[in-house]
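The primary structure of each chain is shown beneath.
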Amino acid sequence: MSQRELPQHPDFLWTNPDPKKSYDVVIVGGGGHGLATAYNLAKHHGITNVAVLDKGWLAGGNMARNTTIIRSNYLWDESAAIYETSLKLWETMQEDLGYDVFFSQRGVLNLAHTMQDERDSVRRVEANRLNGVDAEWVTPQQVKELCPIININDDIRYPVMGGTYQPRAGIAKHDWVAWAYARRANEMGVDLIQNCEVTGFVMDGDRVVGVETNRGRINAGKVALAAAGYTSVLADMAGFRVPIQSHPLQALVSELHEIVHPTVVMSNHVHVYVSQAHKGELVMGAGVDAYNGYGQRGSFHVIEHQMAAAVELFPIFARAHLLRTWGGVVDVTLDASPVMGLTPVDQMYVNCGWGTGGFKAVPAAGLAYAHTIAHDEPHPLNRGYGLDRFVTGALIDEHGAAAVAH
Amino acid sequence: MTQHQNHHGGRLERGGRLDRDQPIGFTIDGTALTGYAGDTLASALVANGRLRVGDSIYLRRPRGVLSAGVEEPNAFVRVNGEHNESMLPATTLELRDGLDVTLLDGIGVLDDRPDRNEYDKMHVHADVAVIGSGPAGLAAAKEAASGGARVVLFEQDFELGGSLLSDPTITVADQGALDYVASVRAELEAAPEVTVLTRTCVFGSYDNNFLVALEKRDDVASAEGGVSRQRLWHVTAGQVVLAVGAFERPIVFSDNDVPGVMLASAVKTYVERWAALPGRDVVLFTTNDSAYETARCLTKAGATVTVIDARPEVKAATSAQEGARRAGLTVRTASAVVGIEGSEGVTGAFVASIDDAGQLAGDAELIACDLVAVSGGWTPNVSLHSQRQGQLAWDDVLSGFVPSAGVKNQFVVGAGNGTYDTDDCLIEGARAGRGAAAAAGFPASSSADGGDAVAESAEVWRARQHRAAGTVRPLWAVPAPDGSLDTHFVDPHRDNTAADVLRATGAGMRSVEHVKRYTSISTGIDQGKIGGVNTIGLLTQLLSGNDTKAIPSGQPGQDAADAVELTASGQPARRPTPGTIGTTTFRAPFTPVAFTALAGRGRGALFDAARTSPAHSWHVEHGARFEDVGQWKRPWFYPQEGEDMDAAVARECRAAREGVAFMDATTLGKIEIRGADAPEFLNRMYTNPFLKLPVGKGRYGVMCTVSGMVFDDGVTLRLADDRFFMTTTTGGAAKVLDWLEEWSQTEWPELDVTLSSVTEQWSTVAVVGPRSREVIAKLAPDLDVSKEGFGFMEFRETTLASGIDARVCRITFSGELAYEINVPRWYGLKVWEDVAAAGEEFDITPYGTETMHVLRAEKAFPIVGQETDGTVTPHDLGMDWVVSKTKEFIGKRSFSRAAFTEPGRKQLVSVLPLDHTLRLPEGAQLVEPDALGDYTGEGLPTAPIAMVGFVTSSYHSQALGRSFALALVKDGPTRVGQTLLASFGGKFAEVEVREPVLYDKEGARRDG
Amino acid sequence: MMVIPCPFCGPRNETEYTYGGQAHVAYPENPDALTDEQWAQFLFYRDNPRGSYAERWQHSAGCRKWFNAVRNTHTYEITHVYRLDQARPDGLPKAPLATKEVGA
Amino acid sequence: MAEQMTVKPAATGTTDAAVLGYRRSPAHHLAELMAAASGEQVRLREVPFLTQITIRATAPEAVEAVGNALGVTMPSAVGEVAQGEFGEGGSGSSGSSGSSGSSVSVVWLSPDEWLAVLGDEADTGVSIAAVVESLSVALGERRGQVVDVSSNRTTLELSGSKARAVLDKTIELDLHPREFPVGRAVSTQMESVAVILWRSADDTWLLMPRASFAEHVVGWLADGMREFS
């Protein structure tokens, strides 16, 4: 039984230049969102005099730490719109970027374990369908057919009562995605500057005109923040606040196993989010730790609880081995929806608060954010995601409506 | 596959930590072999002349046992039997009688049969935790324990001793090494406060010296159960001494993965500990002095050894090179193994001279051999140190990353700290043991072992480490005669080579993290224990431009000689060193841990508590089906013989509407509230006023979040001027108490109000229906139950006919005449049975949550969590009457924001399917009739279809004789009379919007 | 595992506690007097520093008391623990409502 | 304002023995299971029907007053338990409980919360109502609360040489005698179930979970006891 080995990355990815004195747009944060934004600025808006700054290595934050689940079955219209746009872009990403990102549309199952889970699930499925998002309610037996290794018996504390299924959802290879954007952006003239930490902003009145970094001052026509959990730290330097809190979120992998898990399974009720990656490792996300933390590590008991739930649901996982755990920093808003739009500082833009949705949103966020930066006004996809919703109360409450995480 | 079988050495006639009186039979890939008690699977294989294991994962290259420990990247097996366990390293698997294994090719196969073994967890608190029982760890534990501290010593092996097990002939503390181990062990085991845990690997190190360890207990696990096979230890330690040793590095050269290439220290371990000789004609390729010990023990065991030393000739007579020559060995200096002859097993090594730059300086010569022992230098095992964000520094002399800045309340000693001399390990370990004991408040009683009366400065100690380590000449990649790097394996498990690293730098990768991801080096099962530092070294070499041949040119922007790496200070370092490149991040677990061991006992019924009411046994006996509501098991419905759910619910509903029925309402949250300011406090928490609630009466109230969303609801009774009894929803009990406590403690400490949960002090029976009065009259003969004597929303303290004191309330959640009887919980079953008996003549019927839901829905009483989802205000529920316009309360300010005052909010209505038999799925979406366009429900619409609401609750109503539903609909009240389409499962059904309350709008029934 | 020293019960594992977010964010004296922007600040905006952070914890499995702690959100080290009726240690980060408003 | 309402005051006399006979303790149905799990090294049983009263008070004089009513000095720090005699022979007789008495233990739960634990009224003759009455009078109008929570929790007794080993499987606290001597009691949790853990003797531990969790807690303990049975 031979194992799938992924093909090699291209011979060349990107240059490592020193920063220039000035750029039309400086993007702070070289993760998926920053890179996709740079790509879209160059591709769709002809803005190529762009630098993407990262304080560490490119795509080394949540982009390197997430569990790569891609789906668009969100409840609210605004969410469905941006995530479904994203999913469609995922479907063409390989051709668009000329890089195999291993987007595997193996489907995502969201399990229901209580009657209220079931109500919420049906509500979401029906909303999804009317929003053009493929989704269906599946019975426990259908769950079993889609994922034969799931235990649907009554011998567990919270038996599977059914689930929702999005066939077009799936997973991808995160590094490949980031590097695909980085390579294309770099080819179109974008400078990718690593080990470059922003230490302050240069202001001209209410307008930002540059950034101070550990590699010197860089002048900027516009500054776009794409720093996820670090957005608060940057906004603080710029003198405004963003309504996000940064929390630890852990994930883990097993060693390589021959493929047993054909789809992606998520259970909010017992906190199991699991797929089997292309090479055979089981990839699992854990629940978010309750406290604020930038430490890129969480608490081990969170993982222990998750393992108990995982082994209950998937008896076959009992003898898999935990090989590596890690932590990311997720930036969450009170309504579990992102913030994307203008800021109180002229020519400065913000994109943060994606919580556990950041990876799957990369292509659409890049599209909408580039538009917002280029036109100094939101794209239709992010009109509802401005800071003003916190003032009017028009939240897009994916959290309150018992929607699913990850 | 193994023509080389038995070609290699085999078991030596004497020596080793084996019980030769206890032969153990085992099977590998169907072949029966024999080893001894004390063997690992790997040592037994070596002793049987088998170095060859499975193939490599992708390139399918033959592979052999490389190491003798947890870092093994090649030798993986599945243990067959009742419960297959996959991907276990042969090097750490204790040999057991009947062990039956299958070799794996770098990848596991999961067994889908249930694992019936048991796994448990244990918490232990230690003043000092010592991890590792080599010389440094033993010395530390001995000292730490001497003053009475609670010491836990962890050893992942099944024997104490660490490196001493491979050095049995040396003298330690004036005795033989193994005698020393035995004496310290005896001393520790005699100390009452010391715990020695072998087979226990500390794999995780967390904040506050919280350690997680896995103990393997196959030796004690019993078939009958009760005794776990593996135990997860949660360790809380005051002080931690890390004495975890070091890993030897392989050397990266052409075909360095052929079976028969083995780490030099592993060779020594197999020979000394297990009397297993991996080869008889040995080429020993080293970059440092440590491997000369291997040469010595091989010679003693009868093997011939040719030493290939990468270092130039060291003229000193005391050098290891000279020593070896004096012992009769051939030592070739300034040389390297540049290739291997053989593919299934080593038959020879190509050896060539190398120059100062590491380039080949002559033709390769073939030396016939059956084993190539390699030592590329040592890498301190810093995983646990680094898991705590402990700092590392590259030490050029030691040629390794060593801990620099320490972790609070931790000590790093021995080889894990770059201390490679055994005597120095004893000194360093003992010092740490004493330091830890003192810091923990239990100063060691014994005096120093000597040598450290005056503790050296860090610099002096480092110099001592350097002297002991001797000279190391790191060879990050040995050039092959043909210039290729394609079989220079850096990470054997992932089949990654030096060529892959070269490609990575050529592609623009500068960070070791990028190289890791570009190649997949260090992502395999050994997590970089084998290849991590070699990769960093290689990267250093490539980015330094020293190896011009290895650096491709002509790539845009890729002048590698100009590559910039930043130091910690942010200054560019033109010449990267391993230190400036740095390591990848170390993460738990240090070694792999089975999921099931982490799950522990919390499986099945023990996964989560199932809370039950005192009448639970009655419900079970009467055939109830249960619903999970939070952690509670609540009766859902009580089917009788032949009834399905619909029939049972219809019968229960009929009983409640036409006769009498009773329900267990024990699960409702209950809070006692007292204080002079209790009315004021409640007045702020609830949206409706509570100041003037009379004693003896109850009031329904709604609580909102600060942002104005419905949070919980329930009835609160006023027991006295300053005493209230609040009820909450079943699911909301804990959060409401927390919510009240939070406001009371953090915002309004000046209010005299005190709260106590009494949820489980009371058991509650709801007696419901037109004939409930008659039942209550029988149960509570002292009570005036007349309409006038006991009004709605009143309560009475009374003594039941049984003599039990009770609080009876007239509350309804069905619209019918109804009572709730509250008694102390331990009378709950008795009173429940009494209700059943008293109601028998009225055909009283028990009902569950489903019937409760139907009855309340007919009256449009919302259920928090079903009609609400965190985005719904009381106004949205049509409950403006419960929201005070005058007083201040939590959430009020939010109602005046734009999103709450503008039209378009979803509001509660009922919707009636035109087809009276159609019960809409809860969650069905509602659209306007013309919204569909040409969408038929087949597939998906081409453009989003606007939704105006959704169904929150849907039932068949016995009372109405038809199906009905509650729904949240945009501007719902203005749509009454309109027809909408319900969309579900690709189908559509017409529904009519109605006012929410469908049954007994006037409320005539509540008084009976 | 964070070990949090409850001012009343002493050190206990984090599993015994409930997190309460930023400390010293007082419920406005008179919410009706606030603009929608100010109310939004109270509802949704909390500091989120990487570093020293004054935050609230409740010892929910123990004495059920709320208290404040100053914790480094990067190292997770707790440097101060103090009761609600005790003053905030000097030199700690500002209270949130003091910062500028956000429009946009 | 509400004076016309007659809310019957709590009775303070001794509860009728027949009525007491109607009680079912939360782990009543688990007696066999507990007996089966018990052996020489570790034993588990329920101690049913202890009188338990939550006392909340903040003012020092209020604390002193309720202490006097119980015949104890109220404990003032975590882990502390005060012992006294209530009723006959003790200083805390309320005068209305007839001629009976009970030893009382007062467990510190928080700076303003204590749990008074007395024997089963069927054995002691001290009714719950009498204790509540006595304490309520002592507290008076001052801030605080006296609440009967006798039914709210039950008491499980784990004893034997391996009792601590069973607890160490599931309790995160340090149970070493240096840290958890005999007589200490604290609120903590057992696998996220809140319990009061009380070391009543060297090898004897009381666990007091809320009543609805009795089955789960017994299940956990019994499971942990199996290797010693």
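Residues numbered from 1 in each chain as written. Chains lettered and ligands numbered in written order. Predicted model: local features only at pLDDT ≥ 70, side-chain atom pairs only at ≥ 80, totals over all residues. Heavy atoms only, no water.

**Student:** Could you clarify how one ought to interpret the arrangement of the chains in this entry?
**Tutor:** There are five pairs of chains in contact here, and the one with the most contacts is chains A and B. Between chain A and chain D there is no contact, and the shortest C-alpha to C-alpha separation is 10 Å. (Contact = heavy atoms within 4.5 Å.)

**Student:** It is not clear to me how the interface of chain A and chain B should be interpreted in this structure. Could you clarify?
**Tutor:** Much of the literature gives interface size as the accessible area that the parts lose upon coming together. Counting from both sides, the interface comprises 82 residues of chain A and, opposite them, 110 residues of chain B. When chain A packs against chain B, close to 8200 Å² is buried across both sides, 57% of that on carbon and sulfur atoms. Counting the contacts that link chain A with chain B gives 40 residue pairs in polar contact (both at pLDDT 80 or more). Of all the elements, helix H3 (residues 115-130) of chain A adds the most residues to the side of chain A that touches chain B, at nine residues. Here the side of chain A that touches chain B is built from residues that sort into 38 nonpolar, 21 polar and 23 charged. (Buried area = accessible area lost by both parts, 1.4 Å probe. Polar contact = N/O pair within 3.5 Å; in protein donor to acceptor, adjacent residues only side chain to side chain. Helix = DSSP H or I, 4+ residues; strand = E, 2+ residues; numbered from the N terminus. Nonpolar A, V, L, I, M, F, W, Y, C, P; charged D, E, K, R; others polar.)

**Student:** Sorry, what's going on with the sheet that holds strand S7 (residues 155-159) of chain D here?
**Tutor:** Residue and element names in this part refer to chain D. Overall, antiparallel pairing links the five strands, which are arranged S1-S7-S10-S9-S8 in an open sheet. Among the strands making up the open sheet, the edge pair consists of strand S1 (43-47) and strand S8 (185-190). Neighbour-to-neighbour, the strand axes of this sheet turn through a mean angle of 30°, independent of strand direction. One ladder, built from six bridges, connects strand S9 (residues 193-201) with strand S10 (residues 204-209); its direction is antiparallel. When the bridges of S10 are listed, alanine 201 appears paired with threonine 204. (Pairing = 2+ DSSP bridges. Axes fitted to C-alpha atoms, helices over the stretch in contact; angles between N-to-C directions.)

**Student:** Sorry if this is basic, but what is going on with the sheet that holds strand S4 (residues 52-58) of chain C here?
**Tutor:** Sheet strands line up and pair through hydrogen bonds in the backbone, either parallel or antiparallel. Residues and elements named next belong to chain C. The strand order across the open sheet formed by four strands is S3-S4-S5-S6, and the pairing between neighbours is antiparallel. Sheet topology places strand S3 (18-22) and strand S6 (78-83) at the edges, where each strand pairs with a single neighbour. Averaged over all neighbouring strand pairs, the angle between strand axes comes to 30°, with direction disregarded. Note: S4 against strand S5 (residues 66-72), seven bridges, orientation antiparallel.

**Student:** Explain the interface of chain B and chain C to me, please; I cannot follow it from the model alone.
**Tutor:** Contacts between the two partners involve 24 residues from chain B, matched on the other side by 24 residues from chain C. For the pair chain B and chain C, the summed buried area comes to about 2100 Å², and 48% of that belongs to carbon and sulfur atoms. Contact with chain C buries surface across chain B, with Asp207(B), Gln745(B) and Arg893(B) losing the most and accounting together for 31% of the total. Across the chain B-chain C interface, the total number found is four salt bridges. (Salt bridge = Lys/Arg side-chain N within 4 Å of Asp/Glu carboxyl O.)

**Student:** Explanation requested: the confidence of the model for chain D in the structure shown.
**Tutor:** Low pLDDT marks regions whose predicted coordinates should not be analysed in detail. Residues and elements named next belong to chain D. Averaged over all residues, the pLDDT of chain D equals 91, while 89% of them reach at least 70. Note that pLDDT drops below 50 for residues 1-10; the model gives that stretch 17 contacts with residues more than four away or on any other chain. Below a pLDDT of 50 lies the segment residues 89-98, which in the model reaches 18 contacts outside its immediate sequence neighbourhood of four places, other chains included. Overall fold confidence (pTM) sits at 0.95, and the ipTM for the predicted complex is 0.94. (pLDDT = per-residue confidence, 0-100.)

**Student:** What's the story with the packing of helix H2 (residues 77-97) of chain A against helix H8 (residues 358-375) of chain A in this structure? I'm lost.
**Tutor:** Axes are the key here: two packed helices are described by the angle between their axes and the distance separating the axes. All names here are of chain A. In contact at an axis separation of 8 Å, H2 and H8 are set at 95° when each is read in the N-to-C sense. The angle between H2 and H8 falls in the class roughly perpendicular. Across the interface between the two elements, Ile82, Tyr83, Thr85, Ser86, Leu89, Trp90 and Met93 from H2 touch Phe359, Lys360, Ala361, Val362, Pro363, Ala364 and Leu367 from H8. (Parallel < 35°, antiparallel > 145°, perpendicular 65-115°, else oblique.)

**Student:** What's the story with empty space enclosed by the protein in this structure? I'm lost.
**Tutor:** Empty space among the atoms can be located by rolling a probe the size of a water molecule over them. In this structure the tally under the stated criterion is 18 cavities of 30 Å³ or more. Looking at the largest cavity, its volume works out to about 430 Å³. For the largest cavity, the lining is made up of 31 residues, of which Gln527(B), Gly528(B), Lys529(B), Gly532(B) and Phe586(B) are closest to its centre. Those elements that place two or more of their residues in the lining of the largest cavity are strand S16 (321-332) of chain A together with strand S27 (378-380), helix H11 (512-519) and helix H12 (532-544) of chain B. Take the lining of the largest cavity: its biggest share by element is four residues, from H12(B). A class-by-class count of the residues in the lining of the largest cavity yields 14 nonpolar, 11 polar and six charged. (1 Å grid on protein atoms, 1.4 Å probe; cavity = no way out; pocket = protein on both sides within 12 Å on 5 of 7 lines; lining within 4 Å. Points joined across faces, edges and corners; volume = space filled by probe spheres on them.)

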